[in-house]
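Architecture at a glance
Now for the letters of each chain:
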Amino acid sequence: MTAIPARRRRRMMAAVVSSVLTVIALPSGIVVGANSLLNESGGDKVDQGVVVDIPQTKVNLLAVVNANRELTAIALLAVAPGGNGGTIISVPVGAAADVAKGEAPSRLADGYAEGGLDALRFDVENLFNVALDFADDVSSAELAALLAPVGTQPVTMTQPIIGTDASNKPVVVIPAESTTVTGQQIADGLVATQKGIPESSRLAQVKALWSAVARAGVAAVPSDGSDASTSTSLPEMPDLPTTQSYFEALLRGEIDVWQFTATALADAQRNPANIDLYTLDDREILMVMASVLPGSLSLTSNGIAVMVDVPFGSTAIAREAVTRLAYMGANVVLVRQVNDLPVERTVAYYNDDLARGEAETFATLLGPLEYVSTIDVVTGVNLRIVLGNDFVAFLG
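So, a few notes on the structure that sits alongside this text. (Residues numbered from 1 in each chain as written. Predicted model: local features only at pLDDT ≥ 70, side-chain atom pairs only at ≥ 80, totals over all residues. Heavy atoms only, no water.)

**Observations concerning the sheet that holds strand β4 (residues 71–79)**
A sheet is described by the order of its strands in space; here 5 strands give the open sequence β6-β3-β4-β5-β11, paired in mixed fashion. Two strands in the sheet have a free side with no partner beyond their single neighbour: β6 (134–138) and β11 (255–259). Direction aside, the axes of adjacent strands within the sheet are offset by 20 degrees on average. Pairing of strand β5 (residues 86–91) with β11, which is carried by 5 bridges, proceeds in the parallel orientation. Of the residues in β11, the one forming a bridge with Ser-90 is Gln-259. (Pairing = 2+ DSSP bridges. Helix = DSSP H or I, 4+ residues; strand = E, 2+ residues; numbered from the N terminus. Axes fitted to C-alpha atoms, helices over the stretch in contact; angles between N-to-C directions.)

**Description of the nonpolar core**
Of all hydrophobic cores here, the largest spans 62 residues; its most connected members are Leu-76, Leu-120, Phe-128, Phe-260, Met-289 and Phe-362. Among the elements that make up this core, the one with the highest residue count is helix α2 (residues 108–128) (8 residues). Excluding residues within four positions of it along the chain, Phe-260 makes contact with Ile-89, Ser-90, Val-91, Phe-128, Leu-280, Glu-284, Ile-285, Val-288 and Met-289. Counting residues in each nonpolar core, the second largest holds 39 residues, with Ala-144, Ala-208, Tyr-246 and Ala-249 among its members. (Core = buried A, V, L, I, M, F, W, Y, C linked by side-chain atoms within 4.5 Å. Buried < 20%, exposed > 50% of the residue type's maximum accessible area, 1.4 Å probe, protein only. Contact = heavy atoms within 4.5 Å.)

**Details of unusual backbone geometry**
With phi around 65 degrees, Arg-69 is a residue other than glycine that occupies positive phi space. Inspection of the secondary structure assignment puts Arg-69 in the loop between β3 (58–65) and β4. A relative accessible area of 45% means that Arg-69 is categorised as partly exposed.

**Some details on the packing of helix α7 (residues 282–292) against helix α8 (residues 315–327)**
For the pair α7 and α8, interaxial distance at closest approach is 9 Å and the crossing angle is 100 degrees. As the angle between them shows, α7 and α8 are arranged roughly perpendicular. Between α7 and α8, the contacting residues are Arg-283, Glu-284, Leu-286 and Met-287 on the first element and Thr-315, Ala-318, Arg-319, Glu-320, Val-322, Thr-323 and Ala-326 on the second. Class assignment for the residues of the contact of α7 with α8 results in 5 nonpolar, 2 polar and 4 charged. (Parallel < 35°, antiparallel > 145°, perpendicular 65-115°, else oblique. Nonpolar A, V, L, I, M, F, W, Y, C, P; charged D, E, K, R; others polar.)

**Re the pattern of salt bridges**
Under the definition given, this model contains 10 salt bridges. We note a salt bridge from Arg-69 to Asp-137, for which the minimum N-O separation is 3.1 Å. In this pair, Arg-69 is assigned in the loop between β3 and β4 and Asp-137 in strand β6, connecting sequence segments 68 residues apart. For Lys-195, the salt bridge goes to Glu-70, with nearest N and O atoms at 3.2 Å. (Salt bridge = Lys/Arg side-chain N within 4 Å of Asp/Glu carboxyl O.)

**A short note on the pairing of strand β14 (residues 305–310)**
Within a regular strand, the side chains alternate between the two sheet faces. The element β14 is largely enclosed, with a buried count of 6 among its 6 residues. Side-chain alternation along β14 places Ala-305, Met-307 and Asp-309 on one buried face and Val-306, Val-308 and Val-310 on a second face that is also buried. Across 6 bridges, β14 lies against strand β15 (residues 331–337) in parallel orientation. From the neighbouring strand, Asp-309 faces β15, where its bridge partner is Arg-336. Following the chain from β14 across α8 to the adjacent parallel β15, one finds a crossover that is right-handed. Pairing of β14 with strand β19 (residues 383–386), which is carried by 4 bridges, proceeds in the parallel orientation. Residue Val-306 lies in a different strand from β19, and its bridge partner there is Leu-383. (Right-handed = clockwise from strand over helix to strand, strands pointing away.)

**A look at the packing of aromatic side chains**
For the structure on display, the rule yields 2 aromatic pairs. Ring centres of Phe-134 and Tyr-246 lie 6.0 Å apart, and the angle between their planes is 25 degrees; on these two criteria the pair is classed as stacked. One end of the pair, Phe-134, is in strand β6; the other, Tyr-246, is in helix α6 (residues 243–251), with 112 residues separating them in the sequence. Judged by relative accessible area, Tyr-246 falls into the buried class, the value being 1%. Residue placement shows Arg-384 over the ring face of Tyr-349; its charged tip is 4.6 Å from the ring centre. (Phe/Tyr/Trp six-rings, centres within 6.5 Å; stacked < 30°, edge-to-face > 60°. Lys NZ or Arg CZ within 6 Å of the ring centre and 35° of its normal.)

**Here we look at helix α5 (residues 203–214)**
Relative to the 16 Å expected for 12 residues at 1.5 Å per residue, α5 spans 17 Å between its end C-alpha atoms, a close match to the ideal helical length. For α5, a buried count of 10 out of 12 residues is recorded, marking the element as mostly surrounded by other parts of the structure. (Expected span 1.5 Å × (residues − 1).)

Purely geometric numbers; function is a separate question.
See the structure below:
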């Protein structure tokens, strides 16, 4: 994989001084429960400490194409640890691929048109800095068959989904109203596009359709936390050799939907051909990937690997934390939203003096830190940071 970490880090640097706070919850139920990762009793005991692995996830790149083999929708089907439920991540087909300096801008859809599924997989892995486990492209009919178990689900469309018929005349696929949709209608809606209409006009509709799929998932059973001290390791991830197996795994549990924020790129210097091109937020990408697919992330620097626990129900706080850590050269490999009440100080748990030394440099962008030595080990993680109220105050 040839991600371009230098340019990505420069964008992170700019983001440190240009961020705007919004209050949106992180993707839920996608890694582990609040404290289960470090409260595992199934790990190996080392001097009374615990050694655990980052939970395994799997991800399928799903490309939806129309009758002309044009890319109309992209989704990452991310199966949660244990193989039950997960997250559907909606990606704009017009998202700008990560290209080298001097190369012409290119959309993900352009890569697919020129090089097929292999080219799309390469572009997506580079853009999101992850290793994909599987990739597939499906037609409307094939997707409808995959979505048959979804049954009939409610959906609200603020504007109609309009496609074209065989004579290229506009036709309403799903009306603008509160209605119900079947797997076939969801598939038809995801392939419905119109020539000359920007993708931004249909992103909300695409998210609504994937949300209808998510409603078919099995709701998680609430836990009172009484079994935390006796919890065992998550079941091993099952083999997922087909797109059907990915949907089956998702539908066995609770499904979340995340759609990346897309900003139209209209300036003539960065988009000289004025194509329907969109930029994604690198901060949002890192935050979501480290939450949903921590085991699939690739390291982008020689810095230490950091996991971040976020006891606040806001993407703004999580995004700020990962942005600032990435700017400082850290590899953020895992982000968890935890249910614990936030403490006053932000705490950095370290296993060795090297990790503590690097953690001390983070205070310039994270605010006051309390350093705690621990013998608990998360494989592949050098430092665990639990955000506190001090960090929120530091953001101002």
